[in-house]
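Each chain, letter by letter, is given below.
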Amino acid sequence: MPGARPVRAPRGTKLNTLGWQQEAALRMLQNNLDPEVAEHPDQLVVYGGTGKAARDWRSYDAMVRTLQTLKQDETMLVQSGRPVGVMQTHEWAPRVLIANSNLVGDWANWEEFRRLEALGLTMYGQMTAGSWIYIGTQGILQGTYETFAAVAAKRFGGTLAGTITLTAGLGGMGGAQPLAVTMNDGVAICIDCDPRAIERRIEHRYLDVRADSLDHALQLATEARDARRPLSIGVLGNAAELLPRLLAMGAPIDIVTDQTSAHDPLAYLPLGVPFDEMASYAAEKPADFTLRARESMARHVEAMVGFMDAGAEVFDYGNSIRGEAQLAGYDRAFAFPGFVPAYIRPLFTEGKGPFRWAALSGDPADIAKTDRAMLDLFPENESLRRWINLAGERVQFQGLPARICWLGYGERDRAGERFNDMVASGELAAPLAIGRDHLDCGSVASPYRETEAMLDGSDAIADWPLLNAMVNVASGASWVSIHHGGGVGMGRSIHAGQVTVADGTALAGEKVRRVLTNDPGMGVIRHVDAGYDSAEAVAEARGVRIPMQEG
Ligand code: NAD
């Protein structure tokens, strides 16, 4: 791509901008493109198929230039990865407002999106790629760990020890699966068609070993399972071929899921296509490729349903593979559930979701200090303690040191305020950027994923993420984004994100308190509105005002 070059966020306390709010946006944009963080940085692709941080390198340069001179009462507007204006606002306003990949309903499909993208008019922002708060695979690790812990609790007596999980996709997000399974003491067989993806996960210590063949993988898996020893095994191949083979062999698989890039049929390798021809084939014959990819996904999902029929715990891991298989004519595609209604919804109803922070100093010691602060703040939270300790031992940072954990309503604001105090007192070397995934309790409408099977049938109502973005703007977030199509693809989701910078000032303390109260508060009110009792209980206990329940 013209203008491509290695990018790395500055470290330390010397500002390259006029203030820490702008500096944070600059560093996090650059951090998203750090080769340690991004999957294909030369193409500005961060993760999730083609999720980008900037539309093209000219737009990237213009954003950097603008952030370097942006004042405390100015706001940069970003339209699908390109800075399009700077407006005078005020110090409580976000320094950056972002809208990525949004299309009007009837036009919201991949074909139209790609036509516009080819004209240079838009880009795919995924969730945290175009909103500059991707922190590498760790970002998804904790959510994946929570999900597998919930699977263990539901079916296997609270542990995955003695079980084998079968999955595919070892990319930016999917690469978290092997470590999440072994953190829950299980065995994982992980298929990917890209040898680089397997090597990268081994390098980053997310994956333990690579098997020479499918038989070898199965042998390693059963030995480890019988010894109740955690082990993750990578195996090279096409999932649409290997899953049906494993099913036919009667492989003793307990849990099946998938995180190939099925949300984008041009990023899923069709059966019979060699991996090294994938990119050119997709570019030259997109319609043909899409058709074959969908047909292959139908074979893949059919095998997943076969494992379900044989008694395995099977779930869709948020990549829309069921929807694509259905488009190819497979009529049992939705026989197994999505992971949100199956395991995550109870957390969402309480305003719980992925809370993350990055140390702008670049100093890992800052994260170690915040880890200790979290344990001190929430001593009664056993799963948080287990996660923070495991993460400290096993997670290798990518780019700026960062941490993630799931916190609920009434917790995130306490953590944020403590962090701001730690910056103010000089305990931390520099400010923290505090944000989250768009996959959160009140920030997304996505009927195949986060809002699948809502109690009141409101799955496709997209007012909630828009209200979420507006409330974050009104509460003092440092940057706010509204995206379309993240996770599950064009036409299937609308979602919002926020990042708020704890720079140690009193003003930042106030902003952090309000944003980190109101942002998860959206999750509580969204689920109260949909009729979830557990959300009502949280609202009542913690004083979340719901006008329709007053008077
Ligand atoms: P990615 O593009 O970085 O990685 C996808 C991987 O799938 C690649 O390594 C690719 O080689 C592999 N692949 C493609 N076709 C294959 C095939 N036929 N057989 C075997 N391997 C194949 O994407 P990612 O960031 O890892 O995300 C994966 C999917 O998960 C996306 O659809 C994404 O939207 C979804 N996702 C889910 C969650 C969640 O919480 N559940 C979160 C983020 C993303």
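Residues numbered from 1 in each chain as written. Predicted model: local features only at pLDDT ≥ 70, side-chain atom pairs only at ≥ 80, totals over all residues. Heavy atoms only, no water.

Peer 1: What should I look at first to understand helix α14 (residues 382-394) in this one?
Peer 2: Given 3.6 residues per turn, any residue in an α-helix points the same way as the ones three and four places further on. The terminal C-alpha atoms of α14, which comprises 13 residues, lie 18 Å apart, in line with the 18 Å expected from a rise of 1.5 Å per residue. On the buried face of α14, the contacting elements are α4 (138-155), α5 (176-183), α13 (364-377) and β13 (402-407). Sitting at the head of α14, Asn381 places a side-chain oxygen 3.4 Å from the backbone nitrogen of Ser383. (Helix = DSSP H or I, 4+ residues; strand = E, 2+ residues; numbered from the N terminus. Expected span 1.5 Å × (residues − 1). Contact = heavy atoms within 4.5 Å. Polar contact = N/O pair within 3.5 Å; in protein donor to acceptor, adjacent residues only side chain to side chain.)

Peer 1: What should I look at first to understand the domain arrangement of the protein in this one?
Peer 2: Quite often, the size of an interface is put as the accessible area lost when its parts meet. Splitting the protein by domain gives domain 1 (1-134 + 345-551) and domain 2 (140-336). Between the C-alpha centres of domain 1 and domain 2 there is a distance of 28 Å. In this complex, domain 1 contributes 37 residues to the contact, which on the side of domain 2 involves 35 residues. Here domain 1 is connected to domain 2 by five salt bridges. The partner of Glu452 in a salt bridge is Arg322, and the shortest N-O contact between them spans 2.7 Å. The interface formed by domain 1 and domain 2 includes 16 residue pairs in polar contact (both at pLDDT 80 or more). For the side of domain 1 that touches domain 2, the secondary structure elements donating two or more residues are α3 (110-118), α14 and β13. (Domains from an automatic or database assignment. Salt bridge = Lys/Arg side-chain N within 4 Å of Asp/Glu carboxyl O.)

Peer 1: Is there a simple way to explain the pattern of salt bridges in this structure?
Peer 2: When charged atoms on two side chains of opposite charge get close, those side chains can pair. With the rule as written, the count across this model stands at 28 salt bridges. Arg322 is the partner of Asp316 in a salt bridge, and the nearest nitrogen-oxygen pair spans 2.9 Å. Of the two residues, Asp316 and Arg322, neither departs from the other in class, the shared state being buried. Residue Arg513 is joined to Glu510 by a salt bridge in which the shortest nitrogen-to-oxygen separation is 3.1 Å. Taken together, the positions of Arg513 and Glu510, both in helix α17 (residues 506-529) and three residues apart, correspond to about one turn of that helix. Assessed through its relative accessible area of 32%, Arg513 is described here as partly exposed. In this structure Glu510 comes out as partly exposed when scored by relative accessible area, which is 28%. (Buried < 20%, exposed > 50% of the residue type's maximum accessible area, 1.4 Å probe, protein only.)

Peer 1: Honestly, the pairing of strand β7 (residues 187-192) in this entry has me stumped. Any pointers?
Peer 2: The buried fraction of β7 amounts to six of the six residues, a majority that puts the element mostly inside the structure. Burial along β7 is two-sided: Val187, Ile189 and Ile191 facing one way and Ala188, Cys190 and Asp192 facing the other are all buried. In this fold, the crossover linking strand β6 (residues 164-168) to β7 by way of α5 has right-handed handedness. Alignment of β7 against strand β9 (residues 231-236), held across six bridges, turns out to be parallel. Bridge pairing in β9 links Cys190 to Gly234. (Right-handed = clockwise from strand over helix to strand, strands pointing away. Pairing = 2+ DSSP bridges.)

Peer 1: What exactly am I supposed to notice about the site of the ligand here?
Peer 2: As a structural note, the neighbourhood of the ligand is formed by 32 residues, with Asp192, Ser261, His263, Tyr317 and Gly487 the closest of them. A distance of 3.3 Å is found between a nitrogen atom of the ligand and a backbone nitrogen or oxygen belonging to Cys193. Within the side chain of His263, a nitrogen or oxygen atom sits 2.6 Å from an oxygen atom of the ligand. About the coverage of the ligand: the protein hides 94% of its 860 Å² of free accessible area. Counting only domains with at least three residues in the shell around the ligand, you end up with domain 1 (1-134 + 345-551) and domain 2 (140-336). (Near = heavy atom within 4 Å. Areas by Shrake-Rupley, 256 points an atom, 1.4 Å probe, with all protein chains shown as cover.)

Peer 1: Is there a simple way to explain the packing of aromatic side chains in this structure?
Peer 2: Aromatic ring pairs are reported here in terms of the distance separating the ring centres and the angle at which the planes meet. In total, this model carries 18 aromatic pairs according to the counting rule given. Centre to centre, the rings of Phe315 and Tyr343 are 5.1 Å apart; their planes meet at 80 degrees, and the pair counts as edge-to-face. In this pair, Phe315 is assigned in the loop between β11 (313-314) and α11 (321-327) and Tyr343 in helix α12 (residues 339-349), connecting sequence segments 28 residues apart. Assigned by exposure class, Phe315 and Tyr343 land together as buried. A connected cluster of aromatic rings, assembled from ring pairs, spans Phe148, Phe315, Tyr317, Phe339 and Tyr343. (Phe/Tyr/Trp six-rings, centres within 6.5 Å; stacked < 30°, edge-to-face > 60°.)

Peer 1: Can you walk me through the environment of Arg205 in this structure?
Peer 2: With respect to the secondary-structure elements, Arg205 resides in the loop between α6 (195-203) and β8 (209-210). On the basis of relative accessibility, which here comes to 45%, the residue Arg205 falls in the partly exposed class. Apart from residues no more than four positions distant in its own chain, Arg205 is found in contact with Leu179, Glu393, Arg394 and Gln396.

Peer 1: For this particular structure, what's the right way to read the environment of Arg228?
Peer 2: Along the chain, Arg228 turns up in the loop between α7 (214-226) and β9. Sequence separation between Arg228 and Gly162 is 66 residues, and the spatial gap between their C-alpha atoms is 4.7 Å. Once you skip the residues sitting within four places of it in the chain, Arg228 turns out to touch Thr159, Ala161 and Gly162.

Peer 1: Would you mind going over the packing of helix α16 (residues 463-475) against α17 with me for this structure?
Peer 2: When two helices pack together, you describe them by how their axes are tilted relative to each other and by the distance separating the axes. At their nearest, the axes of α16 and α17 sit 9 Å apart, and the two run at 160 degrees to each other. Here α17 runs roughly antiparallel to α16, going by the angle between their axes. Between α16 and α17 lies a crossing of right-handed hand. When α16 is examined against α17, the residues Trp464, Leu467, Asn468, Val471, Asn472 and Ser475 are found in contact with a partner set consisting of Lys511, Arg514, Val515, Asn518, Asp519, Met522, Ile525, Arg526 and Asp529. Residue classes in the contact of α16 with α17 are distributed as six nonpolar, four polar and five charged. (Axes fitted to C-alpha atoms, helices over the stretch in contact; angles between N-to-C directions. Parallel < 35°, antiparallel > 145°, perpendicular 65-115°, else oblique. Left-handed = near helix turned anticlockwise from the far one by under 90°. Nonpolar A, V, L, I, M, F, W, Y, C, P; charged D, E, K, R; others polar.)

Peer 1: What should I look at first to understand the environment of Glu277 in this one?
Peer 2: The topology assignment puts Glu277 in the loop between β10 (255-256) and α9 (278-284). Along the backbone, Glu277 and Arg245 are 32 residues apart, and their C-alpha atoms lie at a distance of 23 Å.

Peer 1: Which parts of the structure should I look at to understand unusual backbone geometry?
Peer 2: One non-glycine residue with positive phi stands out, namely Ser80, at about 40 degrees. By the element assignment, Ser80 lies in the loop between β3 (74-79) and β4 (82-88). For Ser80, a relative accessible area of 3% corresponds to the buried category. Phi is positive for Ser320, which is not a glycine, with a value near 70 degrees. Its relative accessible area of 2% is what places Ser320 among the buried residues.

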